[in-house]
Structures are given as structure tokens and as C-alpha cells.
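Spelled out, the chains give:
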Amino acid sequence: MKITVLNGSPKGHLSVTMQYVNFIQIKFPRHELKILNIASTIKKIEKDGKAFQEIMDEVRSSEGVLWAFPLYYLLVSSQYKRFIELIWEREAVDVFKNKYTALLSTSIHFFDHTAHNYMNAICDDLDMKFLGSFSAGMYDLLSEKRRERLTLFASEFFDGIQNRIPTSKRFSPVLYRNFNFVPSPAGHKINTQGKRVLILTDLKDPQTNLGKMIERLKNAFAEEVKVINLHDLDIKGGCLGCIQCGYDYQCSYGDQDGYVQFYKNQVKKADILIFTGTIQDRYLSSRWKMFFDRSFFHTHTPSLVGKQVGFVLSGPLRQIPNLRQIFEAYTEWQQANLVDIVTDEEEESKELDARLQHLAEQVIHLAGISYVKPKTFLSVGGMKIFRDDVWGKLRFPFQADHHFYKKHHLYDFPQRDYKARMINALLILLTKIPSMRKEIYRKRMKEEMVKPFQKVLEKMK
Ligand SMILES: Cc1cc2nc3c(=O)[nH]c(=O)nc-3n(C[C@H](O)[C@H](O)[C@H](O)COP(=O)(O)O)c2cc1C
């Protein structure tokens, strides 16, 4: 059988993910895994229609498609995202229809599920027959047990194709509605109180709902706020995954383009960031993805700490909870405050007016009181992954992170909470006595657990 492997790594054949594909090839010599470097050659694919067509021909003549990619910023790389856009732009959707398919990624498991949800949904949108997904930890290939699991996955994939097993979709198609936003003038203008507001966008047509939402938002402020269009920026390309930045946060693009200076001088200096864009195949545009990927020169160190962040989006966000989670996780992990996500899904223009006006008020108000909402599992859990990996295997490639984590006491393990350890030891000892055990677990547990909180409340009185 011939399987087309669509390589989503900007590193081409030198990709970690491709070593997993090479492993499968060695294990299953009777099948041909034809690797096509998509992300690393995206500029050629974009410019040269023939190059794109050759890829489509390969897909057409193969029995299955393996989407193999590294995780990039909770999704796939901007280059891979661009390829996905091209499938629709160049009307090649039919090439994928009814092809058996599977996903294989490598990552450190930081939001690998959102990338897999996204890719699964793309396969569903392409009417492919989805056989499953495999999210490998980037070092899994070094473990025999995990290699065995990968072998089983590949075997199931090949058998599934050969036996033409029935498959089902996980995601319903996204429905777009026709709604023309007719904005009203802002009722009152909000004083920015010296806060620097930066609106980022990838807007192409000011007459669209997005264009009108941005104008309406701008008009809510008494002072002129800055709007930067990502298309006007000098960005030569997506993140190359070279991780030169790991040593000292220096991007290998350096001064070859304007991204790093833009990020340092505009994005990081703003107090309030409003990200605006149009939903395109279940994410924002690949240009937006490039913005996020290139910010990786900060590696695993948050770079937007304490900022107020808002999103203004055109498109069916309510139908794509995965995308909402990506934005929530992104801002939370950055230790910024996600104020609101306003979309043009409101029923009427006046409701959307009110939401945009309120967003403008809230970002200024919350910046004034320096409010950052408490973290949830998204960043509490995510940070533990980074902490463990930067402490361990990733310490050498990401030395800059290591210094930051040490300085900011992010290595909060093993926990040296001596008081808790002593209390635990004493109580565990006491529970060895049956009567005490009964007393503690049956009678006192609830009371004892609220005592420390009650003490705080009593002090307040
Ligand atoms: C720009 C960039 C963004 C990344 N984002 C994530 C991420 O969101 N989650 C994750 O688990 N790993 C992330 N990684 C780690 C890579 O997914 C991981 O190292 C992968 O194995 C690289 O595979 P490759 O060599 O095939 O490109 C990121 C790496 C880079 C360079």
C-alpha cells in the first residue's frame, strides 16, 4: 500500500516527527510511506501551482494519508496551516474525500489535544475516513514499550485501510451565517487613562464585519489607539523550529525581518492587546499563526505578563470550543488577563455595539486595577509540564528558560513544605490506631478541613 505522509515540520527530513515515520517504515517494509515535506517547502507550494498539484497527485494515488506534524503553539505550524488553507483556496477538497487517514504528532504534550482536535476536524471537513490519532511525546521513540505502542497504532492504521473499516466523524461542519454588522456611533468615549492600547489584526477588507468591528472598537476610545496589520509587517516566514532561541531568546531570523523588533517594541510595550481576526477553517489565518509561532523566541517563558487581552473575532466561535480553549490557554499561560472574546455571532448590531463598547471599558478598567483572573487547569497543568521538562530533558536546549524558572521560583518541587510534612506524618501515625482513625475519618474530617479558613474569617471580625 502507498501512504502519503504530509510532513508538517519546518525542519523537513531532520524532524523528530519524521523519525517516528521512519520507524514505522522500517517496521512495515511491505508498505510505502511516501514523505512529502509540506511545511519546509510551503513558499514553493504557495508560489508554484505545479508543486501543489504534484502533492495532490500523490494524495490521489495513495491508499491513505498520514498527517505527521510537530505541535506548534497549541496547533500545527503556520506553514502547515497555510497548506490546509491552500486545499480550500485551490479547490482540492475532493482529492481528500473518502481517503483513509490518521494523525501522528510529536510534542511535549502541551495542548497536543487541541492540535489533534483541530486536525481531526479538518479531516472531517475534508470528508476523509478518520482512523485515529497518535500523540507521541518527543522522546517516546527511545523507549521500547512506547515503540511497541507506535507499532500497534501503525498496524491498526494499515489494517483499517485494508479492511475498509467503517469510520465516523467527530465534528459537525461549521455553519457560517449571513449577518451584516451595522455599527452605531459610540455613546460615550472612554479615556484610556494613559494605558497603551494595541489592536492587532490581519484585516484585508475594511468593509467586512471584522473591519467594522475594529472601527467601532477604536471609536469607543477618546484617544487614538494603535492598529497594526500583520500583513503590513515585514515577516519573512514562519518559525523554523531551529530553537537557536533556547540559549538566550535570540531568534535566528535576527534583523533579517521586522518581527522581533515589532514584538519587543510594540506588543510587549502595550498594556492592552486586542487580537482581531476572522475565523478560517476552525482557527484564525495562517498569518495569525505565524505571529504566534514566531513569538516562540521567548521559548517557554511568558512574555505578556499582566497585560489585558481581548479578542474580537468574526466567525462561528461558538461552534468551535476547541478554538476558544486555545485562546484561553494562550492568555492564561502568558499570565495575561483574558477580558473577553467578542464575536459577530450576536443577534443584532446593537448587541454587538454594546459588547464592543463594554470590552473597551473593561480593558481600561481592569488595566487600572491590575486584575488578572486566577489560573485554571489550562495553565496550572500546562506550567507543570514546562517545569518538569525544562528541569529535565529540555534544560540543555532551553537554558534561557532554566535560568528564568530558577530565578522566578518556578521549580516548586519537590515540595519542601516541612509544616505539611510534619502534620501529615503525625496524622498518618495517629490513624494507625483504630479508634483514632474512626474519630478522624468518620467524625472530624469536615470540621477540621474548614478550621484554617474559619481562623482567617475570625481574624477579620
Ligand atoms: C514554535 C514551536 C512551538 C511549539 N509549541 C508546542 C506546543 O504548543 N506544545 C508542545 O507540546 N510542544 C510544542 N513544541 C515542541 C515541538 O512540538 C516538539 O519539539 C516536536 O517534537 C518537534 O518536532 P519536529 O522536530 O518534527 O519539528 C513547539 C516547538 C516550537 C519550535
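The structure displayed is predicted, hence computed values, not measured ones. Sequence order as written defines residue numbering, which begins from 1 separately in each chain. Note on the predicted model: pLDDT of at least 70 is required for a residue's local features to be given, and 80 or more for side-chain atom pairs to be given and counted; whole-chain, interface and lining totals, by contrast, use all residues. Hydrogens are left out, water is left out, and the side-chain values use all remaining heavy atoms of the structure.

1. Quick look at the domain arrangement of the protein
The source of the domain bounds is an automatic or database domain assignment. Under the domain assignment used here, the protein contains domain 1 (2-162), domain 2 (197-368) and domain 3 (418-460). The C-alpha centroid of domain 2 is placed 28 Å from the C-alpha centroid of domain 1. In this complex, domain 1 contributes 26 residues to the contact, which on the side of domain 2 involves 27 residues. For the domain 1 and domain 2 pair, buried surface summed over both sides reaches about 2,100 Å², with 57% attributable to carbon and sulfur atoms. Among the residues domain 1 hides against domain 2, the three largest losses belong to Tyr-73, Ser-78 and Lys-81. Together they make up 32% of the total. Any carboxyl oxygen of Asp or Glu that lies within 4 Å of a side-chain nitrogen of Lys or Arg is treated as forming a salt bridge with it. One can count two salt bridges joining domain 1 with domain 2. Polar contact is the term for a pair of N or O atoms within 3.5 Å; when the atoms are in protein, one must be able to donate a hydrogen and the other to accept it, and sequence-neighboring residues count only if both atoms are side-chain atoms. Seen at the junction of domain 1 and domain 2, the total is 15 residue pairs in polar contact (both at pLDDT 80 or more). A run of H or I in DSSP becomes a helix once it reaches four residues, and a run of E becomes a strand once it reaches two; helices and strands are each numbered from the N terminus. Looking at the side of domain 1 that touches domain 2, the elements that each hand over two or more residues are helix H4 (78-89) and helix H6 (112-125). Note on definitions: a residue-residue contact is assigned when non-hydrogen atoms from the two residues lie within 4.5 Å. Put simply, buried area is the surface a 1.4 Å probe can reach on two separate parts but cannot reach once they are joined, added for both.

2. Things to note about the site of the ligand
We call a residue near a molecule or strand when any one of its heavy atoms sits within 4 Å of it. Neighbouring the ligand are 20 residues, the closest being Ser-9, Ser-15, Val-16, Thr-17 and Thr-106. Within the contact set of the ligand, an oxygen atom lies 2.7 Å away from a side-chain nitrogen or oxygen of Thr-106. In the environment of the ligand, an oxygen atom lies 2.9 Å from a nitrogen or oxygen atom belonging to the backbone of Ile-108. Calculation on the ligand without its partners gives an accessible area of 640 Å², and the protein chains cover 93% of this total. A class-by-class count of the residues in the shell around the ligand yields eleven nonpolar, seven polar and two charged. Taken together, domain 1 (2-162) and domain 2 (197-368) each give at least three residues to the shell around the ligand, which thus spans both. The accessible surface values rely on the Shrake-Rupley method and a 1.4 Å probe; as for residues, cover is taken only from the protein chains in view. Each residue gets one of three labels, nonpolar for Ala, Val, Leu, Ile, Met, Phe, Trp, Tyr, Cys and Pro, charged for Asp, Glu, Lys and Arg, and polar for the others, Gly among them.

3. Notes on the sheet that holds strand E3 (residues 64-70)
On the basis of which strands lie adjacent, the open sheet formed by five strands has the order E2-E1-E3-E4-E5 and parallel pairing. Edge strands, defined here as strands with exactly one partner in the open sheet, are strand E2 (32-37) and strand E5 (129-137). Direction aside, the axes of adjacent strands within the sheet are offset by 20° on average. A pair of strands is considered paired only if DSSP assigns at least 2 bridges between the two. Angular values range over 0 to 180 degrees, each being the angle between N-to-C directions of two axes fitted as lines to C-alpha atoms, with helices fitted over their stretch in contact.

4. Some points on the packing of helix H3 (residues 49-60) against H4
Running from N to C, H3 and H4 point in directions that differ by 85°, and their axes come no closer than 12 Å. In terms of orientation, H3 and H4 fall into the roughly perpendicular class. Facing Phe-52, Ile-55 and Met-56 of H3, the residues of H4 in contact are Phe-83, Leu-86 and Ile-87. Here the contact of H3 with H4 is built from residues that sort into six nonpolar, no polar and no charged. Any angle from 65 to 115 degrees is called roughly perpendicular, while one under 35 is roughly parallel, one over 145 is roughly antiparallel, and all others are oblique.

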